[in-house]
Amino acid sequence: TPSVLVAGETLVDFLPNRVGPLTEVETFDRRAGGAPANVAVALAQLEETPWFLSNLAADAFGDFLSATLDDYGVPDRFVTRDEDHQTALAFVTHDVDADRSFSFYREDTADLHVDATVVPDETLDEVEWVVVGGVMLAADPARTATFDLVERAREHDCQVVFDPNSRPELWADADTEAEVVSRMLGLADVVKTSAEDFARADYPDDPEAFATALLEAGPHTVLLTLGGAGSAFHAAEDAPWGETAVEHEGYPVDPEDTTGAGDAFLGGALAALCRGDGPEEVLAFANAVAAVTTTDTGAMAALPTREEVEAFQAERE
Ligand code: ATP
């Protein structure tokens, strides 16, 4: 049975066929997305198939998302369907400087109406890791459902893993985001993040000081992604692996599309943690999964299998 439960949004990303403002874009590629859905698929690809809690609309886009999750072998036991709400959509804009922004169509959509009570206590007894993300915290009822799930996960001695995945477009204001995110940091054991997630908050720029500040906010472990420079693993004394600060420089590749690299990294890190790897191995494996993912387009389609990651690592060592 799965050791990981991932909870969160599945949505449709529309990727523009050109750089520039949405007013100029006529053609889009339709892709299944949502950071938690990407993480669930990453884990399935890495032979660490998780449970996935997500509410999908009963519309055509929901059918597409459901079929996509099926194709990747993500179990549908906690994937619910909703007749009353539509699928959330995200239109991506690529700026000239390669920055990404999003136009969300996510008012009262199905993903927000997730019902965490469909996950029974027995499942929380069985899983070791419960993974949640910041997009679910931006609005209710998803915010309340996510906090409820996390409280239950803690009662069942699960390790709570949090990816803040900041999307300013989704929040009422920066103060609300800061307050809700710091509440979740207080409940989380492991946080996977990057400086970008906290660009609107008051944290130090230096990665080491940034990680230390996050550890003071609650989690025992902070996984920092550093883009092309790899990643870092910072843990406090009370972490199961003890006090640690290690970095891994990553694997140089020619990136084609970095969409979902952070999600691939988290999937890789969790798969490594599940098999009991130490901090160095966790970073190396997660960096390898993420690096391979950037060499192809699409967040899910580019996710490698365990075999592909091991071959990539063997070749690079
Ligand atoms: P996302 O865009 O998915 O939110 P993120 O900001 O969380 O991503 P990044 O730090 O950009 O994450 O990248 C995540 C991981 O992907 C890095 O830690 C690294 O392992 C890998 N990666 C990203 N860019 C590159 C690159 N140019 N070359 C090699 N590896 C990369």
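Bear in mind the structure is a predicted one, so any value in this text is a computation, not a measurement.

### Some thoughts on the overall build of the protein chain
On a plain count of helices and strands, the protein chain comes out with nine helices and 13 strands. The globule rule puts the C-alpha radius of gyration for 317 residues at 20 Å, and the 18 Å found for the protein chain is close to it. In terms of overall dimensions, the protein chain has C-alpha extents of about 45 × 45 × 40 Å along its principal axes. When burial is assessed residue by residue, the protein chain has 56% of its 317 residues classed as buried. Pairs at least 24 residues apart make up 68% of the contacts formed inside the protein chain by residues separated by at least 6 positions. For the protein chain, the computed accessible surface area is about 13,700 Å², with 44% contributed by carbon and sulfur atoms. Taking the 17 positively charged and 64 negatively charged side chains of the protein chain as two groups, their mean positions are separated by 4 Å.

### A short note on the sheet that holds strand β7 (residues 100-105)
Read from one edge to the other, the open sheet built from four strands follows the order β3-β2-β6-β7, with strand pairing classed as mixed. Looking along the sheet, the strands with just one partner apiece sit at the ends: β3 (28-33) and β7. Shown here is a sheet whose adjacent strand axes are inclined to one another by a mean of 25°, direction ignored. For strand β6 (residues 89-94) and β7, the ladder comprises six bridges, and the chain directions are antiparallel. Bridging across to β7, V92 finds its partner in F102.

### Overview of helix α4 (residues 142-155)
Between the first and last C-alpha of α4 there are 20 Å, a value that for 14 residues agrees with the 20 Å anticipated at 1.5 Å per step. Those residues of α4 lying buried are A142, R143, A145, T146, F147, L149, V150 and A153. Buried residues along α4 sit in contact with β1 (4-7), β4 (51-57), α3 (121-126), β8 (129-133), β9 (159-163) and α5 (174-185). Note on α4: the residue one or two positions beyond its end, D157, has a positive phi of about 60°.

### Thoughts on the sheet that holds β1
Spatially, the nine strands line up as an open sheet ordered β5-β4-β1-β8-β9-β10-β11-β12-β13, and their pairing is mixed. Looking at strand neighbours, the two that pair on one side only are β5 (79-82) and β13 (244-248), the edges of this open sheet. Within the sheet, the average angular offset between the axes of one strand and its neighbour, ignoring direction, is 15°. Where helix α7 (residues 261-274) meets the sheet, its contacts fall on β1, β8, β9, β10 (190-193), β11 (221-225) and β12 (231-235), and the angle it forms with β8 comes to roughly 170°. Sitting on the sheet, helix α8 (residues 279-294) touches β12 and β13, and the angle it makes with β13 is about 30°.

### What about the state of the cysteines?
By the definition in use, this model includes zero disulfides. You can see C158 has no disulfide; the closest cysteine sulfur is in C274, sitting 12 Å from it. Residue class for C274 comes out partly exposed when judged on its relative accessible area of 22%.

### A short note on the nonpolar core
V6, F52 and L270 are the most contacted members of the largest nonpolar core, which has 54 residues in total. With 10 residues, α8 is the largest single contributor of residues to this core. Residues contacting V6, with those up to four places away along its chain left out, are P36, V39, A40, L43, P50, W51, F52, L53 and V131. L124, V135, A153 and L170 belong to the second-largest nonpolar core, a separate cluster that totals 42 residues.

### A word on the site of the ligand
With respect to spatial proximity, 20 residues lie near the ligand, and among them R100, G227, G230, G262 and N287 are the closest. Here an oxygen atom of the ligand sits 3.2 Å away from a polar atom, N or O, in the side chain of K192. One of the backbone nitrogen or oxygen atoms of G262 is found 2.9 Å away from an oxygen atom of the ligand. In the complex, 86% of the free accessible area of the ligand, which totals 630 Å², lies under the protein chains. Of all the elements in the fold, those that place two or more residues in the shell around the ligand are α7 and α8. Broken down by class, the residue content of the shell around the ligand amounts to eight nonpolar, nine polar and three charged.

### Some details on a negative patch on the surface
Residues E122, D125, E126 and D157 make up a contiguous surface patch of negative charge. Classification of D125 as exposed rests on a relative accessible area of 53%.

### Some words on the pairing of β8
β8 sits mainly inside the fold: five of its five residues count as buried. Going residue by residue along β8, you find W129, V131 and G133 tucked away on one face and V130 and V132 tucked away on the opposite face as well. Sheet topology places β1 next to β8; three bridges connect them, and they run parallel. Note on β8: the bridge partner recorded for L5 is V130. For the segment spanning β8, α4 and β9, crossover handedness is right-handed.

### A look at the pairing of β9
In terms of burial, β9 is a largely internal element, five of the five residues being buried. What you see with β9 is no split at all: Q159, V161 and D163 on one side and V160 and F162 on the other are buried throughout. Strand direction decides the pairing type here: β8 and β9, joined by five bridges, are parallel. When the bridges of β9 are listed, G133 appears paired with D163.

The rules behind these values
- Residues numbered from 1 in each chain as written.
- Predicted model: local features only at pLDDT ≥ 70, side-chain atom pairs only at ≥ 80, totals over all residues.
- Heavy atoms only, no water.
- Helix = DSSP H or I, 4+ residues; strand = E, 2+ residues; numbered from the N terminus.
- Rg over C-alpha atoms; globule rule 2.2 N^0.38 Å.
- Buried < 20%, exposed > 50% of the residue type's maximum accessible area, 1.4 Å probe, protein only.
- Contact = heavy atoms within 4.5 Å.
- Areas by Shrake-Rupley, 256 points an atom, 1.4 Å probe, with all protein chains shown as cover.
- Lys, Arg positive; Asp, Glu negative; His and termini not counted.
- Charge placed at Lys NZ, Arg CZ, Asp CG, Glu CD.
- Pairing = 2+ DSSP bridges.
- Axes fitted to C-alpha atoms, helices over the stretch in contact; angles between N-to-C directions.
- Expected span 1.5 Å × (residues − 1).
- Disulfide = S-S within 2.5 Å.
- Core = buried A, V, L, I, M, F, W, Y, C linked by side-chain atoms within 4.5 Å.
- Near = heavy atom within 4 Å.
- Polar contact = N/O pair within 3.5 Å; in protein donor to acceptor, adjacent residues only side chain to side chain.
- Nonpolar A, V, L, I, M, F, W, Y, C, P; charged D, E, K, R; others polar.
- Patch = residues over 30% accessible without salt bridge, like charges linked within 9 Å, V, L, I, M, F, W, Y side chains within 5 Å.
- Salt bridge = Lys/Arg side-chain N within 4 Å of Asp/Glu carboxyl O.
- Right-handed = clockwise from strand over helix to strand, strands pointing away.

Such coordinate-based values are descriptive only and should not be taken to indicate function.
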